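One letter stands for each residue in the lines below.
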Amino acid sequence: MLTVTNLVKAYAGRTVLAVPSLVLSTGFHYFRGGNGSGKTTFFRTVAGLLPFSGAILLDDQFDINRDPVPYRLRVNYAEAEPLYPNFLTARDLAEFVGQAKQASSDQIHQLADLLGVQKFWTQTTGTYSSGMLKKLSLLLALLGRPRLVLLDEPLTTLDVATAASLFAYLRQLNATEGVSFLLTSHQDIALTGLPMTSTWQVGDGVIVPAD
Ligand SMILES: Nc1ncnc2c1ncn2[C@@H]1O[C@H](COP(=O)(O)OP(=O)(O)OP(=O)(O)O)[C@@H](O)[C@H]1O
């Protein structure tokens, strides 16, 4: 599903991550590591948000640099601590991202119901609690027909009932459409109830199997 080759990511000339080779099959993949170990940097790089050297290939077909538009159409990302312009509503953001991701309005409303975002649909994000921001970010990350969804700390601030609905839905997406997920969590990943295909340890600038 995802092939990473000779990835080197540096900030201002300081290398924080070097991944010579990483191959992930379809499924759920958990990336763990201490604060500042490079998990978010890796996710933002795979999401196409950060420049890097090396190659990232999705489904043996879409190269992040050679095919930037089809790649980004198929790879979605939810930030650990989402922030949005505080004058926009959930509806504004869902319409904007939904258009970019080619989502139907049925899908937008189904996800808003699933995650409970319809309760504050027309409220501006500047008035949201951290859990409300998290729910909106998860909704945005599920729009369209992604092949891969990157979820940075999906458990943080999410209430128990919404978390149960979310993770049941992710299982269904994986089982019926073959969607893959990369996750980080400082909490017990078993709380998601998801069957992890692989677990990786991020630290000292490298990513190694933790199994
Ligand atoms: N924009 C940036 N500019 C410079 N250095 C950065 C930047 N973002 C992250 N770093 C550095 O890169 C390293 C990895 O940070 P990253 O945010 O990827 O860690 P993380 O594993 O997600 O941490 P946490 O668990 O605390 O969220 C850290 O040393 C951090 O200081």
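Preceding this paragraph is the structure being described.
Notes on the structure in this doc start here. (Residues numbered from 1 in each chain as written. Predicted model: local features only at pLDDT ≥ 70, side-chain atom pairs only at ≥ 80, totals over all residues.)

### Considering the pairing of strand β1 (residues 2-11)
Where β1 meets strand β2 (residues 14-24), 9 bridges bridge the pair, whose relative direction is antiparallel. Among the inter-strand pairings, alanine 10 is bridged to a residue of β2, identified as threonine 15. Connecting β1 to the next strand, β2, in antiparallel fashion are 2 residues, including alanine 12 with a positive phi near 50 degrees. Here β1 runs beside strand β4 (residues 53-58); their pairing, made up of 5 bridges, is antiparallel. Following the sheet pairing, leucine 2 is matched in β4 by leucine 58. (Pairing = 2+ DSSP bridges. Helix = DSSP H or I, 4+ residues; strand = E, 2+ residues; numbered from the N terminus.)

### Looking at the site of the ligand
Every residue lining the ligand is accounted for by Tyr11, Val16, Gly33, Asn35, Gly36, Ser37, Gly38, Lys39, Thr40, Thr41 and Ala80. Among the elements that line the shell around the ligand, the one with the most residues is helix α1 (residues 39-46), at 3 residues. Tallied by class, residues from the shell around the ligand come to 3 nonpolar, 7 polar and 1 charged. (Near = placed C-beta within 6 Å. Nonpolar A, V, L, I, M, F, W, Y, C, P; charged D, E, K, R; others polar.)

### Quick look at the sheet that holds strand β10 (residues 206-209)
Taken together, the 6 strands give an open sheet; going across it, the order is β6-β7-β8-β3-β9-β10, and neighbouring strands pair in mixed fashion. The sheet terminates laterally at β6 (75-78) and β10, the two strands that pair on one side only. Recorded for the sheet is a direction-independent mean angle of 20 degrees between the axes of neighbouring strands. Looking at chain direction, β6 and strand β7 (residues 148-152) are connected through 4 bridges and run parallel. Note that in β7 the partner of alanine 78 across the bridge is leucine 151. Those strands touched by helix α5 (residues 130-141) are β6 and β7, and its axis lies near 175 degrees from that of β6. (Axes fitted to C-alpha atoms, helices over the stretch in contact; angles between N-to-C directions. Contact = placed C-beta atoms within 7 Å.)

### Observations regarding the pairing of β4
Consecutive side chains of a regular strand alternate in pointing toward one face of the sheet and then the other. By the bridge criterion, 2 bridges tie β4 to strand β5 (residues 62-63) in an arrangement that is antiparallel. Bridge pairing links leucine 58 to phenylalanine 62 in β5.

### Remarks on the packing of helix α4 (residues 105-115) against α5
Interaxial distance between α4 and α5 falls to 10 Å at its minimum, and their mutual angle equals 145 degrees. Relative to α5, α4 is oriented so that their crossing is right-handed. Residues Leu111, Ala112 and Leu115 of α4 form the contact with α5, whose participating residues are Lys135, Leu138 and Leu139. Partitioning the contact of α4 with α5 into residue classes produces 5 nonpolar, no polar and 1 charged. (Left-handed = near helix turned anticlockwise from the far one by under 90°.)

Nothing here speaks to function; it is all geometry.
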